[in-house]
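Reading the structure
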Amino acid sequence: MSSLKDDVAVATDGMYVILGASGNTGAIISDSLLSKGKKVRVIGRDAGRLQRFVRKGAEAFTADMSDAAALTKAFGGARAAYLILPPITTREDQERQSDAIAKAVKESGLRYAVYLSSYGAHVPQGTGPVTGLHSSEQKLNAISGLNVLHLRAAYFMENNLAAIDMIHGMGLFGHVLLPDLKLPMIATRDVGDYGARRLLDLDFSGKQTRELLGERDLSMAEATAVIARGIGKPDLRYEQFPYDQMQLALIQTGFSSKKAAVYIEMFKAINAGVLAAQEPRSPENSTPTSFETFVRDVFVPSYHGKALTA
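Residues numbered from 1 in each chain as written. Predicted model: local features only at pLDDT ≥ 70, side-chain atom pairs only at ≥ 80, totals over all residues. Heavy atoms only, no water.

Read from one edge to the other, the open sheet built from seven strands follows the order β3-β2-β1-β4-β5-β6-β10, with strand pairing classed as parallel. Sheet topology places β3 (59-62) and β10 (207-212) at the edges, where each strand pairs with a single neighbour. Here the average twist between neighbouring strands, direction ignored, is 20 degrees. Direction of pairing for strand β2 (residues 39-44) relative to β3: parallel, over a ladder of four bridges. For Gly44, the partnering residue across the bridge sits in β3 and is Thr62. (Pairing = 2+ DSSP bridges. Helix = DSSP H or I, 4+ residues; strand = E, 2+ residues; numbered from the N terminus. Axes fitted to C-alpha atoms, helices over the stretch in contact; angles between N-to-C directions.)

So, about the confidence of the model for the protein. On average, residues of the protein score 94 in pLDDT, and 95% of them are at 70 or above. Note that pLDDT drops below 50 for residues 1-11; the model gives that stretch two contacts with residues more than four away or on any other chain. (pLDDT = per-residue confidence, 0-100. Contact = heavy atoms within 4.5 Å.)

Counting 59 residues, the largest nonpolar core has Leu19, Leu71, Phe75, Leu83, Val105 and Leu199 as the members making the most contacts within it. Not counting residues up to four positions away in its chain, the partners in contact with Leu71 are Leu19, Ile43, Ala63, Asp64, Met65, Ala100, Ile101 and Ala104. Ala121, Met166, Leu177 and Leu183 belong to the second-largest nonpolar core, a separate cluster that totals 44 residues. (Core = buried A, V, L, I, M, F, W, Y, C linked by side-chain atoms within 4.5 Å. Buried < 20%, exposed > 50% of the residue type's maximum accessible area, 1.4 Å probe, protein only.)

The end-to-end C-alpha distance of helix α5 (residues 91-108), which contains 18 residues, comes to 26 Å, matching closely the 26 Å that a straight helix rising 1.5 Å per residue would cover. Three or more residues of α5 are buried, namely Gln94, Gln97, Ser98, Ala100, Ile101, Ala102, Ala104 and Val105. Looking at the buried residues of α5, the elements they touch are α4 (68-75), β4 (78-83) and α6 (129-141). Phi for Gly109, located one or two positions after α5, is positive at around 75 degrees. (Expected span 1.5 Å × (residues − 1).)

Turning to unusual backbone geometry, a few remarks are in order. Trans peptide bonds make up most of the peptide bonds, and negative phi angles are found at most residues other than glycine. Residues other than glycine seldom take positive phi values, yet Leu202 does so here, at roughly 45 degrees. Of note, Leu202 is situated in the loop between α8 (188-201) and β10. A relative accessible area of 12% means that Leu202 is categorised as buried.

Another aspect to go through is the pattern of salt bridges. In this structure the tally under the stated criterion is 18 salt bridges. Each of the salt bridges in this network shares a partner with another, and the network as a whole consists of Arg91, Glu95, Asp99 and Lys139. (Salt bridge = Lys/Arg side-chain N within 4 Å of Asp/Glu carboxyl O.)

This part takes up the environment of Gly126. In this structure, Gly126 sits in the loop between β5 (112-118) and α6. Considered as a pair, Gly126 and Glu158 are 32 residues apart in the sequence and their alpha carbons are 23 Å apart. Not counting chain neighbours up to four residues away, the residues in contact with Gly126 comprise Thr131, Glu265 and Ala269.

Moving on to the packing of α6 against helix α11 (residues 257-271). At their nearest, the axes of α6 and α11 sit 7 Å apart, and the two run at 85 degrees to each other. One finds that α6 runs roughly perpendicular with respect to α11. Here α6 contributes Pro129, Val130 and Thr131 to the contact with α11, which in turn contributes Val262, Tyr263, Glu265 and Met266. Residue classes in the contact of α6 with α11 are distributed as five nonpolar, one polar and one charged. (Parallel < 35°, antiparallel > 145°, perpendicular 65-115°, else oblique. Nonpolar A, V, L, I, M, F, W, Y, C, P; charged D, E, K, R; others polar.)

Okay, here's the thing in C-alpha cells:
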C-alpha cells in the first residue's frame, strides 16, 4: 500500500498534456511548465512544429483533434491537461473535435483540465465559433470525476493583426464591429500565463468558469488610435464595414463561405450585446498587458515586418 508521501510524489511529478501546443496560448503554457522542470507532453498535428518543445525536454505526440483513440492515449497517466479546440473550419468539425476530446478525457480518467473557452460561452447558440465552445464546455461538465476550469477569455488583441495588410494597402482599419462599443481585449500571453499558473496550482475543483477580461475594455476606435500612435500614422482611422462586405473580404483571404458566415454571426452577436462579459471586472479577472504594450511589442514589429516583405 502506497504512503501519502508516495501519492504526493506521483501527483507533483505527473505529466502535463498540452493540446495545441504550438498555438499562441499552448506555446506559452508549454514553455512555462518546461521552465519549471515539469514533465510535458505536447500534442499537435504537425510533428515539426513540436520540435522546439522537444529540444527543451518535452515529449511530442502527434494526433488529430478528432481522433478520440489517439487523444485517450495522449492523456494517459497525465496529472492535468490544457484543452483547446483548433481554429474553426466548420461548426460540424467543432462538434466532432469536442466529442473526441470529451471522450478521451472520460476514457483516460483525466482528473484535472484547464479548457480555453471564450467570454460569451454561456450563450447556447447564435454566437458563431463561440457556440462550439459552449457545447464543448457542456460535454466536459458532464464528465464525473473531472475537475475542469473553463477560461472564458476576452477578444484576443492578436485578432487586430489581421488589419495590417489593410492598413498598408488602404490606409485604414476596417471591421464590422461598432466603432464605439467597448470590448474586453486580452493578450494571448496573459491567457497562457494564467492557464499555466492554474495548471501548476490545481486549486480548482468541480466545474468552474473564470472570465479573463484583459487590462481594460476598449472600443475599436480607441484601439485604432493606439495603433495609429504606435506605427506613426496619426491620421489612421477606423471604419465600420457592412457585414456583406466583411464576409466577402474573409472569403477573399481564404475562408470558406461557411466559415466566413460563422464569423459574421459572432460579430453580429458582439455588436448586439449578446456576446458579452458576465463577470464584473475585478483584480482576479483582469490581466496585466495593456493594449499599448501589445501594440509596442507585437503589432508594431509585425507591421514593419510586413512592410519589409511586401
